[in-house]
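Descriptive analysis of the structure
So the chains spell out like this:
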Amino acid sequence: MQSTLPPNSTSGFPFRAILGVFKLRIGVVITFTALAGLAVGPGPSLSPLQLLVLTLSVLISSASAGAFNQYYEHDSDHLMARTSKRPFVTGELRHGPIWLLIIAGLMALSVGAAWLALNAWSALFVFLGGFFYAIVYTVWLKRRTWLNIVFGGLAGSWAVLAGATAADPQVGAVPLALALVLFLWTPPHFWSLAIAFRDDYAAAGVPMLPVVVGDQRAARTIFYSTLALVAASLIPLAFGLGVIYFVGAAVGGFLFIHKAWLLTRETNRKTAMTCFHASLIQLTLVLLAAIVDSQLAP
(Lines give C-alpha, C1' and ligand atoms only; values in the text may rest on other atoms or scores of the structure.)
Protein backbone atom coordinates (compact mmCIF):
# COMPACT_ATOMS: atom_id res chain seq x y z
CA MET A 1 0.00 0.00 0.00
CA GLN A 2 1.35 3.43 -0.95
CA SER A 3 2.27 5.65 1.98
CA THR A 4 0.37 8.90 2.41
CA LEU A 5 3.46 10.54 3.88
CA PRO A 6 5.78 12.59 1.65
CA PRO A 7 9.16 10.98 0.97
CA ASN A 8 11.06 13.47 3.17
CA SER A 9 8.70 13.33 6.12
CA THR A 10 10.35 12.75 9.47
CA SER A 11 7.57 14.00 11.70
CA GLY A 12 5.81 10.66 12.21
CA PHE A 13 2.10 10.11 11.79
CA PRO A 14 0.53 13.36 10.43
CA PHE A 15 -2.45 13.35 12.79
CA ARG A 16 -3.23 17.07 12.60
CA ALA A 17 -2.92 17.09 8.82
CA ILE A 18 -5.42 14.25 8.51
CA LEU A 19 -7.85 16.03 10.82
CA GLY A 20 -7.50 19.11 8.61
CA VAL A 21 -8.22 17.13 5.44
CA PHE A 22 -11.50 15.86 6.86
CA LYS A 23 -12.68 19.38 7.82
CA LEU A 24 -14.00 18.22 11.16
CA ARG A 25 -15.04 21.69 12.30
CA ILE A 26 -17.51 21.86 9.42
CA GLY A 27 -18.52 18.30 10.19
CA VAL A 28 -19.38 19.22 13.77
CA VAL A 29 -21.66 22.03 12.55
CA ILE A 30 -23.37 19.70 10.09
CA THR A 31 -23.84 17.09 12.82
CA PHE A 32 -25.36 19.72 15.09
CA THR A 33 -27.96 20.47 12.41
CA ALA A 34 -28.83 16.77 12.22
CA LEU A 35 -29.32 16.61 15.99
CA ALA A 36 -31.56 19.67 15.78
CA GLY A 37 -33.61 17.91 13.11
CA LEU A 38 -33.91 14.89 15.37
CA ALA A 39 -34.98 17.04 18.33
CA VAL A 40 -37.81 18.76 16.47
CA GLY A 41 -38.91 15.68 14.54
CA PRO A 42 -42.22 13.97 15.35
CA GLY A 43 -40.79 10.49 15.88
CA PRO A 44 -40.03 8.61 19.10
CA SER A 45 -36.75 8.91 20.95
CA LEU A 46 -33.75 7.01 19.65
CA SER A 47 -31.88 4.47 21.71
CA PRO A 48 -28.37 5.52 22.84
CA LEU A 49 -26.87 3.28 20.16
CA GLN A 50 -29.07 4.75 17.44
CA LEU A 51 -28.19 8.28 18.58
CA LEU A 52 -24.50 7.41 18.39
CA VAL A 53 -24.93 5.94 14.90
CA LEU A 54 -26.78 9.04 13.68
CA THR A 55 -24.11 11.34 15.09
CA LEU A 56 -21.20 9.40 13.66
CA SER A 57 -22.89 8.74 10.33
CA VAL A 58 -23.49 12.42 9.64
CA LEU A 59 -20.04 13.38 10.94
CA ILE A 60 -18.25 10.74 8.85
CA SER A 61 -20.29 11.53 5.73
CA SER A 62 -19.41 15.21 6.09
CA ALA A 63 -15.76 14.36 6.77
CA SER A 64 -15.49 12.17 3.68
CA ALA A 65 -17.02 14.94 1.54
CA GLY A 66 -14.58 17.47 3.02
CA ALA A 67 -11.65 15.18 2.27
CA PHE A 68 -12.84 14.71 -1.31
CA ASN A 69 -13.09 18.50 -1.68
CA GLN A 70 -9.42 18.88 -0.74
CA TYR A 71 -8.37 15.86 -2.81
CA TYR A 72 -10.16 17.16 -5.91
CA GLU A 73 -8.85 20.73 -5.57
CA HIS A 74 -5.28 19.97 -4.58
CA ASP A 75 -3.95 21.34 -7.87
CA SER A 76 -5.68 24.73 -7.47
CA ASP A 77 -5.58 25.27 -3.70
CA HIS A 78 -2.07 26.68 -3.96
CA LEU A 79 -3.53 29.68 -5.82
CA MET A 80 -5.43 30.84 -2.72
CA ALA A 81 -3.71 32.05 0.43
CA ARG A 82 -6.55 30.60 2.52
CA THR A 83 -5.98 27.08 1.17
CA SER A 84 -2.29 27.11 0.25
CA LYS A 85 -1.27 25.37 3.47
CA ARG A 86 -3.58 22.40 3.07
CA PRO A 87 -1.77 19.06 3.46
CA PHE A 88 -2.20 17.90 -0.16
CA VAL A 89 -0.74 21.21 -1.35
CA THR A 90 2.28 21.26 0.96
CA GLY A 91 3.00 17.57 0.48
CA GLU A 92 2.47 16.73 4.13
CA LEU A 93 0.02 14.16 2.80
CA ARG A 94 0.70 12.42 -0.48
CA HIS A 95 -2.02 12.88 -3.10
CA GLY A 96 -2.78 9.41 -4.40
CA PRO A 97 -5.62 7.04 -5.30
CA ILE A 98 -5.55 5.44 -1.85
CA TRP A 99 -7.40 8.53 -0.62
CA LEU A 100 -10.30 7.87 -2.99
CA LEU A 101 -10.63 4.39 -1.50
CA ILE A 102 -10.57 5.81 2.02
CA ILE A 103 -13.14 8.47 1.18
CA ALA A 104 -15.47 6.04 -0.60
CA GLY A 105 -15.12 3.53 2.22
CA LEU A 106 -16.00 6.09 4.87
CA MET A 107 -19.02 7.25 2.90
CA ALA A 108 -20.23 3.68 2.45
CA LEU A 109 -19.70 3.01 6.16
CA SER A 110 -21.70 6.06 7.21
CA VAL A 111 -24.61 5.36 4.86
CA GLY A 112 -24.66 1.65 5.62
CA ALA A 113 -24.62 2.19 9.38
CA ALA A 114 -27.50 4.67 9.14
CA TRP A 115 -29.47 2.21 7.01
CA LEU A 116 -28.98 -0.68 9.40
CA ALA A 117 -29.41 1.17 12.70
CA LEU A 118 -32.00 3.76 11.60
CA ASN A 119 -33.85 3.46 8.29
CA ALA A 120 -33.44 3.88 4.55
CA TRP A 121 -34.72 7.47 4.49
CA SER A 122 -32.22 8.68 7.06
CA ALA A 123 -29.45 6.83 5.22
CA LEU A 124 -30.50 8.50 1.95
CA PHE A 125 -30.28 11.96 3.51
CA VAL A 126 -26.89 11.14 5.06
CA PHE A 127 -25.70 10.19 1.57
CA LEU A 128 -27.20 13.27 -0.10
CA GLY A 129 -25.47 15.57 2.39
CA GLY A 130 -22.05 14.25 1.42
CA PHE A 131 -22.93 13.93 -2.27
CA PHE A 132 -24.10 17.51 -2.63
CA TYR A 133 -20.94 18.94 -1.06
CA ALA A 134 -18.48 16.61 -2.78
CA ILE A 135 -20.00 16.26 -6.23
CA VAL A 136 -22.74 18.86 -6.80
CA TYR A 137 -20.77 21.73 -5.24
CA THR A 138 -17.11 20.78 -5.67
CA VAL A 139 -17.17 19.03 -9.05
CA TRP A 140 -20.22 20.29 -10.93
CA LEU A 141 -20.86 23.86 -9.82
CA LYS A 142 -17.97 25.53 -8.00
CA ARG A 143 -16.01 26.57 -11.09
CA ARG A 144 -18.99 27.04 -13.38
CA THR A 145 -21.46 29.41 -11.73
CA TRP A 146 -21.91 31.87 -8.87
CA LEU A 147 -24.90 29.73 -7.87
CA ASN A 148 -22.42 27.08 -6.69
CA ILE A 149 -22.91 27.65 -2.98
CA VAL A 150 -26.68 28.10 -3.33
CA PHE A 151 -27.23 24.50 -4.40
CA GLY A 152 -24.12 23.11 -2.74
CA GLY A 153 -25.44 24.51 0.51
CA LEU A 154 -28.20 21.91 0.47
CA ALA A 155 -25.74 19.67 2.32
CA GLY A 156 -26.87 21.24 5.59
CA SER A 157 -30.54 20.85 4.68
CA TRP A 158 -30.10 17.14 4.02
CA ALA A 159 -28.43 16.78 7.42
CA VAL A 160 -31.50 18.25 9.14
CA LEU A 161 -33.69 15.74 7.34
CA ALA A 162 -31.32 12.88 8.17
CA GLY A 163 -31.86 13.65 11.83
CA ALA A 164 -35.60 14.27 11.47
CA THR A 165 -36.21 10.91 9.77
CA ALA A 166 -33.89 8.90 12.01
CA ALA A 167 -36.72 7.86 14.32
CA ASP A 168 -39.64 8.16 11.90
CA PRO A 169 -39.51 8.49 8.08
CA GLN A 170 -42.48 10.89 8.27
CA VAL A 171 -41.04 14.41 8.01
CA GLY A 172 -42.85 17.05 10.04
CA ALA A 173 -43.35 20.73 9.25
CA VAL A 174 -40.76 22.01 11.73
CA PRO A 175 -37.86 19.91 10.34
CA LEU A 176 -38.81 21.01 6.82
CA ALA A 177 -38.77 24.62 8.00
CA LEU A 178 -35.33 24.16 9.57
CA ALA A 179 -34.11 22.56 6.34
CA LEU A 180 -35.28 25.70 4.53
CA VAL A 181 -33.42 27.82 7.08
CA LEU A 182 -30.19 25.93 6.35
CA PHE A 183 -30.74 26.33 2.62
CA LEU A 184 -31.19 30.10 2.97
CA TRP A 185 -28.41 30.48 5.53
CA THR A 186 -25.54 29.06 3.52
CA PRO A 187 -25.33 31.69 0.72
CA PRO A 188 -25.08 34.86 2.87
CA HIS A 189 -22.79 33.00 5.27
CA PHE A 190 -20.39 31.93 2.54
CA TRP A 191 -20.65 35.07 0.42
CA SER A 192 -19.48 37.08 3.44
CA LEU A 193 -16.36 34.93 3.53
CA ALA A 194 -16.04 35.27 -0.25
CA ILE A 195 -15.93 39.06 0.03
CA ALA A 196 -13.10 38.78 2.55
CA PHE A 197 -11.18 36.45 0.21
CA ARG A 198 -12.40 37.78 -3.15
CA ASP A 199 -8.87 38.18 -4.55
CA ASP A 200 -8.12 34.56 -3.70
CA TYR A 201 -11.19 33.29 -5.51
CA ALA A 202 -10.47 35.52 -8.49
CA ALA A 203 -6.89 34.22 -8.69
CA ALA A 204 -8.15 30.64 -8.58
CA GLY A 205 -10.81 31.29 -11.23
CA VAL A 206 -13.71 30.48 -8.92
CA PRO A 207 -16.82 32.55 -9.81
CA MET A 208 -17.99 33.36 -6.31
CA LEU A 209 -20.58 36.12 -6.20
CA PRO A 210 -18.19 38.98 -5.24
CA VAL A 211 -15.88 38.00 -8.10
CA VAL A 212 -18.76 38.07 -10.58
CA VAL A 213 -20.67 41.20 -9.48
CA GLY A 214 -18.24 43.04 -7.21
CA ASP A 215 -18.17 43.53 -3.45
CA GLN A 216 -20.87 46.21 -3.23
CA ARG A 217 -23.54 44.28 -5.12
CA ALA A 218 -22.56 41.11 -3.28
CA ALA A 219 -22.99 42.92 0.05
CA ARG A 220 -26.47 44.08 -0.92
CA THR A 221 -27.35 40.55 -2.00
CA ILE A 222 -26.12 39.27 1.38
CA PHE A 223 -28.33 41.80 3.16
CA TYR A 224 -31.49 40.87 1.26
CA SER A 225 -30.67 37.16 1.55
CA THR A 226 -30.30 37.62 5.30
CA LEU A 227 -33.72 39.27 5.50
CA ALA A 228 -35.24 36.26 3.72
CA LEU A 229 -33.35 33.90 6.01
CA VAL A 230 -34.53 35.57 9.20
CA ALA A 231 -38.12 35.66 7.95
CA ALA A 232 -37.92 31.93 7.19
CA SER A 233 -36.43 31.24 10.61
CA LEU A 234 -39.72 32.40 12.18
CA ILE A 235 -41.80 29.81 10.28
CA PRO A 236 -41.38 27.11 12.99
CA LEU A 237 -43.34 29.36 15.35
CA ALA A 238 -46.44 28.58 13.30
CA PHE A 239 -45.95 24.83 13.83
CA GLY A 240 -45.47 24.52 17.56
CA LEU A 241 -42.18 26.03 18.65
CA GLY A 242 -42.61 28.70 21.31
CA VAL A 243 -41.03 31.52 23.26
CA ILE A 244 -37.57 30.01 23.71
CA TYR A 245 -37.25 29.46 19.97
CA PHE A 246 -38.58 32.95 19.23
CA VAL A 247 -35.97 34.55 21.48
CA GLY A 248 -33.12 32.59 19.89
CA ALA A 249 -34.29 33.25 16.34
CA ALA A 250 -34.99 36.93 17.05
CA VAL A 251 -31.67 37.66 18.77
CA GLY A 252 -29.63 35.75 16.20
CA GLY A 253 -31.61 37.23 13.33
CA PHE A 254 -31.22 40.80 14.56
CA LEU A 255 -27.47 40.34 14.95
CA PHE A 256 -27.04 38.88 11.46
CA ILE A 257 -29.23 41.55 9.83
CA HIS A 258 -27.37 44.32 11.66
CA LYS A 259 -23.95 43.06 10.57
CA ALA A 260 -25.16 42.49 7.01
CA TRP A 261 -26.48 46.06 6.90
CA LEU A 262 -23.13 47.38 8.19
CA LEU A 263 -21.45 45.37 5.43
CA THR A 264 -23.47 47.28 2.82
CA ARG A 265 -22.44 50.59 4.39
CA GLU A 266 -18.73 49.78 4.53
CA THR A 267 -17.69 46.81 2.44
CA ASN A 268 -14.27 45.55 3.38
CA ARG A 269 -12.54 42.50 4.75
CA LYS A 270 -13.17 43.42 8.39
CA THR A 271 -16.92 43.97 8.03
CA ALA A 272 -17.20 40.87 5.85
CA MET A 273 -15.59 38.67 8.49
CA THR A 274 -17.75 40.26 11.18
CA CYS A 275 -20.82 39.37 9.11
CA PHE A 276 -19.47 35.86 8.58
CA HIS A 277 -19.06 35.32 12.33
CA ALA A 278 -22.52 36.79 12.97
CA SER A 279 -23.98 34.16 10.63
CA LEU A 280 -22.42 31.41 12.74
CA ILE A 281 -23.89 32.91 15.90
CA GLN A 282 -27.30 33.22 14.28
CA LEU A 283 -27.36 29.60 13.17
CA THR A 284 -26.16 28.38 16.55
CA LEU A 285 -28.88 30.31 18.36
CA VAL A 286 -31.60 29.09 16.00
CA LEU A 287 -30.62 25.43 16.27
CA LEU A 288 -29.95 25.51 20.00
CA ALA A 289 -33.22 27.31 20.68
CA ALA A 290 -35.08 24.79 18.51
CA ILE A 291 -33.59 21.89 20.47
CA VAL A 292 -34.28 23.40 23.88
CA ASP A 293 -37.80 24.57 22.99
CA SER A 294 -38.82 21.21 21.54
CA GLN A 295 -37.46 19.30 24.53
CA LEU A 296 -39.20 21.53 27.10
CA ALA A 297 -42.56 21.58 25.29
CA PRO A 298 -45.34 19.86 27.29
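What you see is a predicted model; the values in this text were computed from it and never measured.

**As for the confidence of the model for the protein chain**
Summary statistics for the protein chain give a mean pLDDT of 92 and a share of 95% for residues scoring 70 or more. Every residue in residues 1-11 scores below 50 in pLDDT, and together they form 20 contacts with partners more than four places removed in sequence or on other chains.

**Things to note about the layout of surface pockets**
In this structure, the largest pocket occupies an estimated 1,400 Å³ of space. The wall of the largest pocket is formed by 50 residues, among which Lys23, Arg25, Ile26, Arg82 and Tyr133 lie closest to the centre. Those elements giving two or more residues to the lining of the largest pocket turn out to be helix H1 (15-21), helix H2 (24-40), helix H3 (48-72), helix H6 (120-141), helix H7 (148-152), helix H8 (154-164), helix H9 (173-196) and helix H14 (269-296). When residues of the lining of the largest pocket are assigned to their parent elements, the largest contribution, seven residues, is made by H3. The volume enclosed by the second largest pocket comes to roughly 230 Å³. Together, 14 residues line the second largest pocket, and Leu38, Ala39, Ser45, Leu46 and Gln295 are the ones closest to its centre. Counting only elements with at least two residues in the lining of the second largest pocket, the list comes to H2 and H8. Per-element accounting of the lining of the second largest pocket gives the leading share, three residues, to H2.

**Focus: unusual backbone geometry**
Of note in the backbone geometry, Lys23 takes a positive phi value of approximately 50° without being a glycine. Structurally, the position occupied by Lys23 is in the loop between H1 and H2. The exposure class assigned to Lys23 is buried, which follows from its relative accessible area of 13%.

**Thoughts on the packing of H3 against H6**
Look at H3 against H6: their axes get within 9 Å of each other, and the N-to-C directions meet at 15°. When the axis of H3 is compared with that of H6, the two are roughly parallel. The hand of the H3/H6 crossing is right-handed. Seen from H3, the contacting residues are Leu54, Ser57, Val58, Ser61, Ala65, Gly66, Phe68, Asn69 and Tyr72; seen from H6, they are Ser122, Val126, Gly130, Tyr133, Ala134, Ile135, Tyr137, Thr138 and Val139. Grouping the constituent residues of the contact of H3 with H6 by class yields 11 nonpolar, seven polar and no charged.

**Some words on the pattern of salt bridges**
Here the structure, examined in full by the defined rule, presents four salt bridges. Between Lys142 and Glu73 there is a salt bridge, and its shortest N-O distance comes to 3.0 Å. Residue Lys142 is located in the loop between H6 and H7, and its partner Glu73 is located in the loop between H3 and helix H4 (87-90); the two are separated by 69 residues in the primary sequence. On the accessibility criterion, Glu73 (3% relative accessible area) is buried. The salt bridge partner of Asp77 is Arg86, with a shortest N-O separation of 3.1 Å. For the pair formed by Asp77 and Arg86, the shared burial category is buried. Connected via shared salt-bridge partners are Arg198, Asp199 and Asp215.

**Section: H9**
Taking 1.5 Å per residue as the helical rise, H9 with its 24 residues ought to reach 34 Å, and the 36 Å between its terminal C-alpha atoms agrees with that figure. Roughly 25° is the biggest bend found in H9, and it falls at Trp185, with proline Pro187 one to four residues downstream.

**Some remarks on the packing of H2 against H14**
A packed helix pair is summarised by two numbers, namely the angle formed by the two axes and the spacing between the axes. The contact between H2 and H14 brings their axes to 9 Å, and the two run at 30°. By the angle class used here, H2 and H14 are roughly parallel. Seen from above, H2 lies across H14 with left-handed handedness. On H14, the residues touching Val29, Phe32, Thr33, Leu35, Ala36, Ala39 and Val40 of H2 are Leu283, Thr284, Leu287, Leu288, Ala290, Ile291, Ser294 and Gln295. In terms of residue class, the contact of H2 with H14 is made up of 11 nonpolar, four polar and no charged.

**Focus: the packing of aromatic side chains**
A complete count under the given rule lists 14 aromatic pairs for this structure. With a centroid separation of 5.8 Å and an interplanar angle of 25°, the aromatic rings of Phe68 and Tyr72 are classed as stacked. Separated by four residues within a single helix, Phe68 and Tyr72 lie in helix H3, roughly one turn from each other. With relative accessibility at 15%, the residue Phe68 sits in the buried group. On the basis of relative accessibility, which here comes to 38%, the residue Tyr72 falls in the partly exposed class. Within the aromatic cluster, the residues linked to one another by ring pairs are Trp121, Phe125, Phe127, Phe131, Phe132, Trp140 and Trp158. Against the face of Phe197 rests Arg82, its NZ or CZ located 5.6 Å from the ring centre. The ring of Phe197 carries Arg269 above its face, with NZ or CZ at 4.4 Å from the centroid.

Reading the values: the criteria
- Residues numbered from 1 in each chain as written.
- Predicted model: local features only at pLDDT ≥ 70, side-chain atom pairs only at ≥ 80, totals over all residues.
- Heavy atoms only, no water.
- pLDDT = per-residue confidence, 0-100.
- Contact = heavy atoms within 4.5 Å.
- 1 Å grid on protein atoms, 1.4 Å probe; cavity = no way out; pocket = protein on both sides within 12 Å on 5 of 7 lines; lining within 4 Å.
- Points joined across faces, edges and corners; volume = space filled by probe spheres on them.
- Helix = DSSP H or I, 4+ residues; strand = E, 2+ residues; numbered from the N terminus.
- Buried < 20%, exposed > 50% of the residue type's maximum accessible area, 1.4 Å probe, protein only.
- Axes fitted to C-alpha atoms, helices over the stretch in contact; angles between N-to-C directions.
- Parallel < 35°, antiparallel > 145°, perpendicular 65-115°, else oblique.
- Left-handed = near helix turned anticlockwise from the far one by under 90°.
- Nonpolar A, V, L, I, M, F, W, Y, C, P; charged D, E, K, R; others polar.
- Salt bridge = Lys/Arg side-chain N within 4 Å of Asp/Glu carboxyl O.
- Expected span 1.5 Å × (residues − 1).
- Bend = angle between axes of the 7 residues up to and from the residue.
- Phe/Tyr/Trp six-rings, centres within 6.5 Å; stacked < 30°, edge-to-face > 60°.
- Lys NZ or Arg CZ within 6 Å of the ring centre and 35° of its normal.

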